[in-house]
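Architecture and fold: a report
Chain by chain, the residues run as shown.
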Protein chains: 2
Amino acid sequence: MDIYRKILDLIDQHSSFAISAHIHPDGDSIGSQLAVYSFLTDLDKHVRIFNTDPIPPNYHFLPFYDKIEQPGTLDGYSPEILIVLDASTLVRIGNRLSKALVPKQVTINIDHHASADRFGDYNLVEIDVSSTCEIIYKLIQRSGTTIGQERATALYTGIMFDTGCFQYSNSTSQVHHIAANLIDQGIEVDKIYRDVYGNYPVRRLRLLAKALQTLELTPDGKIAWLMVDQKMLNHTNTTLEDVDGVINQIRSIDTVEVAIMATANAPGQSKIGMRSKDHVDVGKICAEFGGGGHARAAGCLIDKSCKMALKAVIEVTKKYLVYDD
Amino acid sequence: MDIYRKILDLIDQHSSFAISAHIHPDGDSIGSQLAVYSFLTDLDKHVRIFNTDPIPPNYHFLPFYDKIEQPGTLDGYSPEILIVLDASTLVRIGNRLSKALVPKQVTINIDHHASADRFGDYNLVEIDVSSTCEIIYKLIQRSGTTIGQERATALYTGIMFDTGCFQYSNSTSQVHHIAANLIDQGIEVDKIYRDVYGNYPVRRLRLLAKALQTLELTPDGKIAWLMVDQKMLNHTNTTLEDVDGVINQIRSIDTVEVAIMATANAPGQSKIGMRSKDHVDVGKICAEFGGGGHARAAGCLIDKSCKMALKAVIEVTKKYLVYDD
């Protein structure tokens, strides 16, 4: 029996569920949670959603977002089935939740990360799809249930988020056909885009202005970097979340192969984010500093000021920049 | 006979063609021109493309972009058929071209703008589609010719551009099905995205940093504005083109209903760009200053410094901001 059918059978045979997903929730983890919640409640199941971290305000437009609980309300709830979404390991849902949220029957793990460690009793892991929402779409389709506007809104949000609004290479023709079908359910793509990306506090632009003033490049233009120190965060009343996306702007400079951003993380500690275009494996560079990630996007923590941390990372990056043009 | 069939018949019956499109070429005008060029040359037609303005460097990745000529090389060329793409009036291809590029037989006008004045002998105008490229896709499909990778690259570029990479409300389910079919021709969407949007000179970020430092908001946060004066352009060695997109960043501030940007255009003259979210018709505001545009995006020229021009526009905007929340 294929795994889609097996999971639908398990759902059919049980009545109480918990849904969780990775810490620092994003469009795909939230979208897939809410689509599964809507799907299960329509089947008259008893369902609760537990997330370690609160849902960022830009996702509060999603149907049922207010059903998401934090660990404090768990109080011994033990569902028959635990469904873990978009998390490559169980501990990614958070230490406390991963220990306390124990199902009576089975754990179902649904994920699309290449690093998925298949911790579930049943694992629906597909690493060649755009998003967990793409898998949930297929699961709901397979069940014969209609998608409907509410689930379409959640699923489109996750697919949009994990494909960078259809700009990344995971925007396959299948993804576009799914997007078309979701649009046919009556969703408003421009409204969803604006809700997710187009509504940020002005402090974000104030911080961007300060950060851009620290932009520097090597003489050949191949490495570019900037920093967001504690003073800038204080002056603009911002946090680490407000620097999201800045590093992609640096990578977009025409001459740049490697973009580096240092952000004050804690006293004496900097968070380094790295991106590359075509040649340099920034995952390896970050690994030299105890961090990790992918070849084109990676990060690490360094126990130094932003300035000193950048200096160290740039030195190592230069070693990796020797390649044939 | 429907207009698609009529145009395919005209193409069939003639052998020499000129293709033109609007001044200040963009993704859709260039994409549709190059797709039509490729389609016609594969049919062994004699084809030349004439544009008033040069093609921006970020479109130089497109197949056949180097076939585009400027008016200087026209020297009396008179094709049997002139195809004008993505231009709502003939004069939009530029004064000189619109007078000199006279076909022996007929002018075919293919466009999707609501303002299209149907100046052609034959007009394929559809105002409910995303882009001229979407119409050209349907025309090529109708001909029975395969789309192929080269034409798919051009058509996808135009559709991506005119839908804001699938973020605007014109991203219909039909658009996504077409995108899926274009991807199946073997195009690389991430590369196209990066070519068009992800490769800008560092001077653009330097200018952005300076412009953001001038950001101001009304006390209620509903009007936000910034300026790019001549000094900033000089210091960063930038031109008006380098401010593209900045105004959308201002509109994305959560409290903002109206975003205004003033850019030094000529000595003593400022170019005003305006955007709104939901309520204010900025087209009407710009009309008060002799400009125009749409309800949510408009512009005008004011014979004042950036500072004084902003002051005048903000005053008028406040009158329009009286609406029920």
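Okay, so let's go over this structure. (Residues numbered from 1 in each chain as written. Chains lettered and ligands numbered in written order. Predicted model: local features only at pLDDT ≥ 70, side-chain atom pairs only at ≥ 80, totals over all residues. Heavy atoms only, no water.)

Turning our eyes to something else, we now look at helix α4 (residues 132–143) of chain B. An α-helix turns once every 3.6 residues. As a result, residues three or four positions apart point the same way. Residue and element names in this part refer to chain B. When the terminal C-alpha atoms of α4 are compared, their 17 Å separation across twelve residues agrees well with the 16 Å that a helix rising 1.5 Å per residue should span. Here α4 has its buried residues at Thr-132, Cys-133, Glu-134, Ile-135, Ile-136, Tyr-137, Leu-139 and Ile-140. Two residues or fewer after α4 comes Gly-144, characterised by a positive phi angle close to 85 degrees. (Helix = DSSP H or I, 4+ residues; strand = E, 2+ residues; numbered from the N terminus. Expected span 1.5 Å × (residues − 1). Buried < 20%, exposed > 50% of the residue type's maximum accessible area, 1.4 Å probe, protein only.)

So, about the interface of chain B and chain A. Counting from both sides, the interface comprises 40 residues of chain B and, opposite them, 40 residues of chain A. Our count for the chain B to chain A interface comes out at two salt bridges. The partner of Asp-278 of chain B in a salt bridge is Arg-194 of chain A, with the nearest N and O atoms 3.4 Å apart. For the side of chain B that touches chain A, the secondary structure elements donating two or more residues are α6 (173–183), α7 (189–197), α8 (202–212) and α10 (246–251) of chain B. In terms of residue count, α6 of chain B provides more of the side of chain B that touches chain A than any other element does, seven residues in total. Partitioned by chemical class, the residues of the side of chain B that touches chain A number 20 nonpolar, 13 polar and seven charged. (Contact = heavy atoms within 4.5 Å. Salt bridge = Lys/Arg side-chain N within 4 Å of Asp/Glu carboxyl O. Nonpolar A, V, L, I, M, F, W, Y, C, P; charged D, E, K, R; others polar.)

This model, assessed by the stated rule, comprises nine aromatic pairs over all chains. Summarising the aromatic geometry, the rings of Phe-50 of chain A and Tyr-77 of chain A are spaced 6.0 Å apart at their centres and angled 40 degrees between planes, so their arrangement reads as tilted. Taken together, the positions of Phe-50 of chain A in strand β2 (residues 46–50) and Tyr-77 of chain A in the loop between β3 (68–69) and β4 (81–85) put the pair 27 residues apart, joining distant regions of the chain. Classification of Tyr-77 of chain A by relative accessible area gives buried; the value is 12%. Relative to Phe-64 of chain B, the ring of Tyr-37 of chain B has its centre 5.5 Å away and its plane inclined at 50 degrees; by these criteria the two rings are tilted. Within this pair, whereas Tyr-37 of chain B is found in helix α2 (residues 27–42), its partner Phe-64 of chain B is found in the loop between β2 (46–50) and β3 (68–69), the two being separated by 27 residues in sequence. What makes Tyr-37 of chain B buried here is its relative accessible area of 10%. Its relative accessible area of 23% is what places Phe-64 of chain B among the partly exposed residues. Among the aromatic residues, those joined into a ring-pair cluster are Tyr-156 and Phe-166 of chain A together with Tyr-156 and Phe-166 of chain B. In this structure, Arg-204 of chain B is placed above the aromatic ring of Tyr-200 of chain B, and the distance from its NZ or CZ to the ring centre is 5.4 Å. (Phe/Tyr/Trp six-rings, centres within 6.5 Å; stacked < 30°, edge-to-face > 60°. Lys NZ or Arg CZ within 6 Å of the ring centre and 35° of its normal.)

All names here are of chain A. Among the nine residues of strand β9 (residues 258–266), seven are classified as buried, and the element is accordingly described as predominantly covered. Two elements, strand β8 (residues 223–228) and β9, share six bridges in a ladder whose sense is parallel. For Met-227, the partnering residue across the bridge sits in β9 and is Ala-262. Relative to strand β10 (residues 269–276), β9 runs antiparallel, the two being bridged by eight bridges. (Pairing = 2+ DSSP bridges.)

Before going further, it helps to examine the sheet that holds strand β6 (residues 122–125) of chain B. Residues and elements named next belong to chain B. If you walk across this open sheet you meet the six strands as β3-β2-β1-β4-β5-β6, and the pairing is parallel. Of all strands in the sheet, those with a lone pairing partner are β3 and β6, marking the two edges. As defined by bridge partners, strand β4 (residues 81–85) adjoins strand β5 (residues 106–111) across five bridges and the pair is classed as parallel. Residue pairing for β5: Ile-83 is matched across the bridge by Ile-108. Sheet contacts for helix α1 (residues 3–13): β1 (16–21), β4, β5 and β6; angle to β6, the most-contacted strand, approximately 130 degrees. α2 rests against β1, β2, β3 and β4 of the sheet, and its axis sits at about 170 degrees to β1. (Axes fitted to C-alpha atoms, helices over the stretch in contact; angles between N-to-C directions.)

This brings us to unusual backbone geometry. Residue and element names in this part refer to chain B. At Phe-64, a position not held by glycine, the phi torsion is positive, near 75 degrees. At Phe-166, a residue that is not glycine, the phi angle is positive and equals roughly 65 degrees. Locating Phe-166 in the fold gives a position in the loop between α5 (148–162) and α6. Looking at Phe-166, the relative accessible area reads 0%, which means it is buried.

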